[in-house]
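Below are the chains, spelled out letter by letter.
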Amino acid sequence: SMRRASIIGQSKAFSGKSGLKNDKIDFGFCSDSEVQDDEIKLIRLIEYPIKLVVNEKDPLCKIQQLHVKDLMTAPGISYTEGSSMDQEIQKFFKEQEITPDIHYRTSSEEIQNFVSCGLGWALIAQNGVPMMEGLKILEMPELKLKRNTYLAMRKDRELSKIAQKFLKYVLSYNKKFI
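What you are looking at is a predicted structure, and each value in this text was computed from that prediction instead of being measured.

Peer 1: Would you mind going over the pairing of strand β3 (residues 40-55) with me for this structure?
Peer 2: Along any regular strand, the residues point their side chains to alternate faces of the sheet. Bridge count for β3 against strand β8 (residues 146-154) is nine bridges, and the pairing is antiparallel. Paired with Leu 42 across the two strands is Ala 152, which belongs to β8. Two elements, β3 and strand β6 (residues 121-125), share four bridges in a ladder whose sense is antiparallel. Bridge pairing in β6 places Lys 51 opposite Ile 124. Sheet topology places β3 next to strand β7 (residues 135-138); four bridges connect them, and they run antiparallel. Bridging from a neighbouring strand, Asn 55 pairs with Leu 135 of β7.

Below, the structure is given as structure tokens:
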């Protein structure tokens, strides 16, 4: 019988019986903090800078040279607790020895809406999708965070011909963006 390439979306690839570990799928997509496993190979596909985003009327816009400590004066918006973006951002603030005043937590799909309503600032991955109107990116010298997306696969898995073709395609795509 012919075997197809099995692919599953973010984080589901690493859960329970349907994951890479149980040999049910060939590939998964994930971000930095989702996989730490010696049996899994990660191939970086895309890297996006994470930037400070505010409503264009936010008082933070008036600060000439913005620093992380300036965020303490304003409410913040972060991602769902425990999500990979939330973990990255928490790690950044811990390294900066700052505990921001996070007022709201939401999904990556909704975070721009919260900022555009003037509910606070957020650190958002700039993935090439245009931002909503009324939002502004502010530069901060300390902010050098990046969001990476990886293709994950088992190191010891023998791939079918179609899975090998998919991998070859992904690797050629990878060269254009990294």
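Peer 1: For this particular structure, what's the right way to read the packing of aromatic side chains?
Peer 2: The relative placement of two aromatic rings is captured by the distance of their centres and the angle of their planes. The tally for this structure, following the rule as stated, stands at four aromatic pairs. Plain terms: the ring middles of Phe 27 and Phe 166 are 5.1 Å apart, the flat faces sit at 50° to each other, and that makes the pair tilted. Here the residue Phe 27 occupies a position in strand β2 (residues 27-31), and Phe 166 occupies one in helix α3 (residues 161-177), the gap between them amounting to 139 residues. In this structure Phe 27 comes out as buried when scored by relative accessible area, which is 0%. Site record: aromatic cluster; members linked through ring pairs are Phe 92, Phe 93 and Trp 121.

Peer 1: Help me understand the pattern of salt bridges, please; the structure alone is not making it clear to me.
Peer 2: Close approach of charged atoms allows side chains of opposite charge to pair. Under the definition given, this model contains six salt bridges. Its salt-bridge partner being Arg 157, residue Asp 26 comes within 3.0 Å of it at the nearest N-O pair. In this pair, Asp 26 is assigned in the loop between β1 (7-8) and β2 and Arg 157 in the loop between β8 and α3, connecting sequence segments 131 residues apart. Asp 26 sits in the buried class, given a relative accessible area of 1%. Note that Arg 154 and Asp 156 form a salt bridge whose closest N and O atoms lie 2.9 Å from each other. You can call Arg 154 buried: its relative accessible area is 12%. A residue is classified by how much of its surface remains accessible, and Asp 156, at 55% relative accessible area, is exposed. Each of Glu 81, Asp 86 and Arg 105 takes part in one network of salt bridges that share partners.

Peer 1: Hey, could you run me through the nonpolar core in this one?
Peer 2: Across soluble globular proteins, nonpolar side chains have a tendency to be buried as a group. Formed by 39 residues in total, the largest nonpolar core has its most connected members in Leu 52, Leu 60, Phe 93, Trp 121 and Leu 123. Where this core is concerned, the elements lending two or more residues are β3, β4 (76-79), α1 (84-95), α2 (111-116), β6, β7, β8 and α3. When residues of this core are assigned to their parent elements, the largest contribution, eight residues, is made by β3. Once residues within four sequence positions are removed from consideration, Phe 93 is found in contact with Val 68, Leu 71, Ile 98, Pro 100, Trp 121 and Leu 123.

Peer 1: So what exactly am I meant to see when it comes to the environment of Phe 114 here?
Peer 2: Tracing the sequence through the fold places Phe 114 in helix α2. Separated by 36 residues in the primary sequence, Phe 114 and Ser 78 have C-alpha atoms spaced 9.9 Å apart. Ignoring sequence-local partners within four residues, the contact set of Phe 114 consists of Ile 77, Tyr 104, Thr 106 and Leu 119.

Peer 1: Is there a simple way to explain the confidence of the model for the protein in this structure?
Peer 2: Detailed reading of predicted coordinates is not advised where the pLDDT is low. Mean pLDDT over the protein: 83, with 84% of residues reaching 70 or higher. Predicted confidence for residues 8-18 stays below pLDDT 50, and this span has 29 contacts to residues more than four positions away or in other chains.

Definitions and limits used
Residues numbered from 1 in each chain as written. Predicted model: local features only at pLDDT ≥ 70, side-chain atom pairs only at ≥ 80, totals over all residues. Heavy atoms only, no water. Pairing = 2+ DSSP bridges. Helix = DSSP H or I, 4+ residues; strand = E, 2+ residues; numbered from the N terminus. Phe/Tyr/Trp six-rings, centres within 6.5 Å; stacked < 30°, edge-to-face > 60°. Buried < 20%, exposed > 50% of the residue type's maximum accessible area, 1.4 Å probe, protein only. Salt bridge = Lys/Arg side-chain N within 4 Å of Asp/Glu carboxyl O. Core = buried A, V, L, I, M, F, W, Y, C linked by side-chain atoms within 4.5 Å. Contact = heavy atoms within 4.5 Å. pLDDT = per-residue confidence, 0-100.

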